[in-house]
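Notes for the structure review
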Amino acid sequence: MQSIIDKVFTYDVLILPPEVKKTFVRLHNYYPTSHLKILTLDDLKADFFFNFGPKEEMFLFSKFNLSINDAHYLADAFYDFKFSTFSSMRLKKTKAIKEEMLKNGYLVANHYFASDLKQKSIAVIGYDQANEELAFFINQYNLKVDFSFSSPIKEQLAISVYNDLEAEISAFFNDVSRLLASNKELSDIVLLNPPEEYFSLLERYSYLYRIPLNLPVLEPLITFPLAQAFLKNLDEGILGDDALSQKIRQLCGQYPAQGIANYNLFLTQLFSRTKIAFPKYQKAISVTDFFPLDESKEVFVLGFSQGRYPLQGRDFSYLNSQEKKSLGQSDNHLLNAEKRHLLFWALNLEKNLHLSYSKYVNGEENFPPSYLDKISKVTFESPTFDFDYSAKRLAIYHAILLDWKRKYNYVSSNLRILNQSEKIPYRKFDNSFKGIKDDFSLKPFVHSYSSFKTYYECAFHYYLERIIGLRDTNESFNLKYGTLAHKLLQDAYRSNFDFEKCFIEAKAMVDLNVEEEIFLLRLKEELKMAISFIHHHEQRMKLNHVLVEKKYDYSISQYARIVGTIDKVYFIGEEGKKVVLVDYKTGLERFNPALVEYGASLQLPFYDFLFQICEDNDYQIIGLYIHPLFLDKRIFLPEGHDEGYYFSHQRLQGPTSEDISNQEAFNIYDGEYYYVSNIKYKNDGQLSKSSKTFNADFFVNLANIAKEKILAGDKKIRELDFAINPLRIGNKVDACSHCPFRDVCYRQDKDYRDYEVKEEIDDEQ
């Protein structure tokens, strides 16, 4: 044990930051004769003045309508350490609330605590002498305090630098494996709490390397279905005997309903603030908030880079910085400086340190901490490891060598060793989906059109993408173009719209490579023509008003919501009670009502249902359309093609009401242009009999089918129906053709759902 730590335990009281407290409580076990009392600044404030707990929270909620979070922020403001001439409305309100609480007996001071400290020897670690909050206690009660525990700056520091997170985390687990192989125990290895970006990879690699790791994963109680169900049924007593039910009972016991007008809202805020820890391994690498200060420990710090370690705090409080300053409270500038001083103090004491960071995290470049310039010698290393201790990776490497031998007749020198030491079921892997064991009955889901599209195309695709979360983070050009096009088409409704200026603004939102930049040159002209087409059309229709990027959100059950954003909603006629829904498409997708019963071509019916369920019943849908922004690239563009050529290929596509008055209001024919592709006109301007139109019942039935598919899809998902069942409908739908998992999916011909349909709603192009 370090001599500086020995000295600390000769004092009566130690004052330090909260993240360091656990370290010294543990170290206390090594000093059984020490009577050291370990406190934080928050402990001092609470014991000197008053305790702030459930009764105080409930009083502020009921009397002053303050949320639980605001109540805690306000409590910090009650410690008025000094007075100044500055006084804001918020400070005046704070003082008035404090006086009301004192009058009602809620803020009771502990006068014996201060006198108990007066004759004690007190050591301070981690707080600066410039900290006015601590200085207040020292001066007010004439305490004997020793700030002399700052260590000399470490003379030499080695930091490992890796290209990315995977390399850094792989190296960490290899180092841990090496330590375990040298007879170290899991309890001898400590990982300092890493940045959140590291959590998912650490969990995955912990499984791959079979090394248990207790990450501090906390979830708000409100996210658990049991808590949500309890809030909806407070009087029904649905709790069981499990640990989560006991936690809910304990909380409600501390916060009784008497005297609270809106008890459900209060508990909702309380459940949002209360964090629940996931179950932990009994024997695992421990993750701590601060250095263990123990020579027997191997200490790893991942993400040791600028801004990530130590994590810089931000102000989240009831008072602003000026108001805090007027009360003598510490701002984050001082708190962050104290964190850095505390870090240097710990670095100097630790012996077995492993510091590392990644050059790139989530695509952003990382840099070493700027405060390292205080250390005389800092070395940066890019270590490599010759052997990977992961059993799973070793099996994969063995399979690769067997592949090389079978396919290319190449025999690696390592193959013989692996054949003797590692047995893998080569050529016997069964990748078929065996189902999952879980309970989704109370799981909250937010469904969208795209999620149902994926589910009905293939349930296994949905499982991989939406449940497990396997998604390609690289944006396709279609996605980038869609983002750009939607932004530009939305801006087109601005009164001062300038195409060139807005195109530049929209283009800045997406990251294009050289090839995509060139391809965009032609698409720019198509976008310009699309906006011209829209303006040309809207000037002629009997338009009441239009909404763009209209968001809808509807709860279909206690645990499921559907959401959607409709690109454009036209309200037609003088009263605006006839409605047209339009969805922009940057691909070649068409709407076919014959496919809807199979869960395909579902977008327009989904929006039809969403609009009708969220809006008043007196609206009548008279058209559901796709507006194609891409011209089919197989179409030959004739030389000297004009605006009319573009217009003919950008007509709206989808079902149209048979009511002729609706045609006159929306699909105006001026002898030169018409705007809906499946509506035809004769030379005299009369509607052609070859036009495809639909009665009012069609739109109602379409919404009902969408509703059935939504409810059935939600039910199947909750029943864990994620079988490999790709949809194939003639030459119109092949779910596997664009599936990102098609090369790793264990599908067979018998798994396909094969159908044949002939009906097309729009066969003009």
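This text goes with the structure placed above it.
Small disclaimer: the values here were computed from a predicted structure and weren't measured.

Some thoughts on helix α19 (residues 459–468)
Buried residues dominate α19, accounting for seven of its ten residues. By the burial criterion, the buried members of α19 are Ala 459, Phe 460, His 461, Tyr 462, Tyr 463, Leu 464 and Glu 465. Buried residues along α19 sit in contact with β16 (445–447), α18 (449–457) and α26 (696–718). Positioned one or two residues after α19, Gly 469 has a phi angle of 90°, which is positive.

Details of the packing of aromatic side chains
Throughout the structure, instances matching the rule amount to 40 aromatic pairs. Relative to Phe 291, the ring of Phe 290 has its centre 5.5 Å away and its plane inclined at 90°; by these criteria the two rings are edge-to-face. The burial state of Phe 290 is the same as that of Phe 291; both residues are buried. An angle of 50° between the planes, with centres 6.4 Å apart, marks the rings of Phe 571 and Phe 611 as tilted. Of this pair, Phe 571 sits in strand β18 (residues 560–572) while Phe 611 sits in helix α23 (residues 603–614), and the two are 40 residues apart along the sequence. Here Phe 571 matches Phe 611 in class, with each residue buried. Ring pairing ties together the aromatic residues Phe 440, Phe 445, Tyr 455, Tyr 456, Phe 460, Tyr 462, Tyr 463 and Phe 722, which thus form one cluster. Positioned over the ring face of Tyr 207 is Arg 210, at 4.5 Å from the centre of the ring.

Description of the nonpolar core
A general tendency of soluble globular proteins is for nonpolar side chains to be buried together. Formed by 47 residues in total, the largest nonpolar core has its most connected members in Ile 562, Leu 581, Phe 606, Phe 611 and Phe 722. Elements with a contribution of two residues or more to this core: α18, α19, β17 (543–557), β18, β19 (578–585), α23, β20 (620–628) and α26. If we ignore the near neighbours within four places in the chain, the residues touching Leu 581 are Ile 566, Lys 568, Val 569, Tyr 607, Asp 608, Phe 611, Ile 621, Gly 623, Leu 624 and Tyr 625.

Description of the sheet that holds strand β12 (residues 353–358)
The seven strands are arranged β7-β10-β6-β11-β12-β5-β15 in an open sheet whose pairing can be described as parallel. In this open sheet, the two edge strands, each paired with only one partner strand, are β7 (213–214) and β15 (377–381).

Re the sheet that holds strand β4 (residues 144–146)
If you walk across this open sheet you meet the four strands as β2-β1-β3-β4, and the pairing is parallel. Each edge of the sheet is formed by a strand with only one pairing partner; in this case those strands are β2 (37–39) and β4. On average, adjacent strands in this sheet sit at an angle of 25° to one another, irrespective of strand direction. Of the pairings in the sheet, the one linking strand β1 (residues 13–15) to strand β3 (residues 121–124) comprises three bridges and is parallel in character. Looking at β3, one finds that Ile 15 is bridged to Val 124.

Cut-offs and rules
- Residues numbered from 1 in each chain as written.
- Predicted model: local features only at pLDDT ≥ 70, side-chain atom pairs only at ≥ 80, totals over all residues.
- Heavy atoms only, no water.
- Buried < 20%, exposed > 50% of the residue type's maximum accessible area, 1.4 Å probe, protein only.
- Helix = DSSP H or I, 4+ residues; strand = E, 2+ residues; numbered from the N terminus.
- Contact = heavy atoms within 4.5 Å.
- Phe/Tyr/Trp six-rings, centres within 6.5 Å; stacked < 30°, edge-to-face > 60°.
- Lys NZ or Arg CZ within 6 Å of the ring centre and 35° of its normal.
- Core = buried A, V, L, I, M, F, W, Y, C linked by side-chain atoms within 4.5 Å.
- Pairing = 2+ DSSP bridges.
- Axes fitted to C-alpha atoms, helices over the stretch in contact; angles between N-to-C directions.

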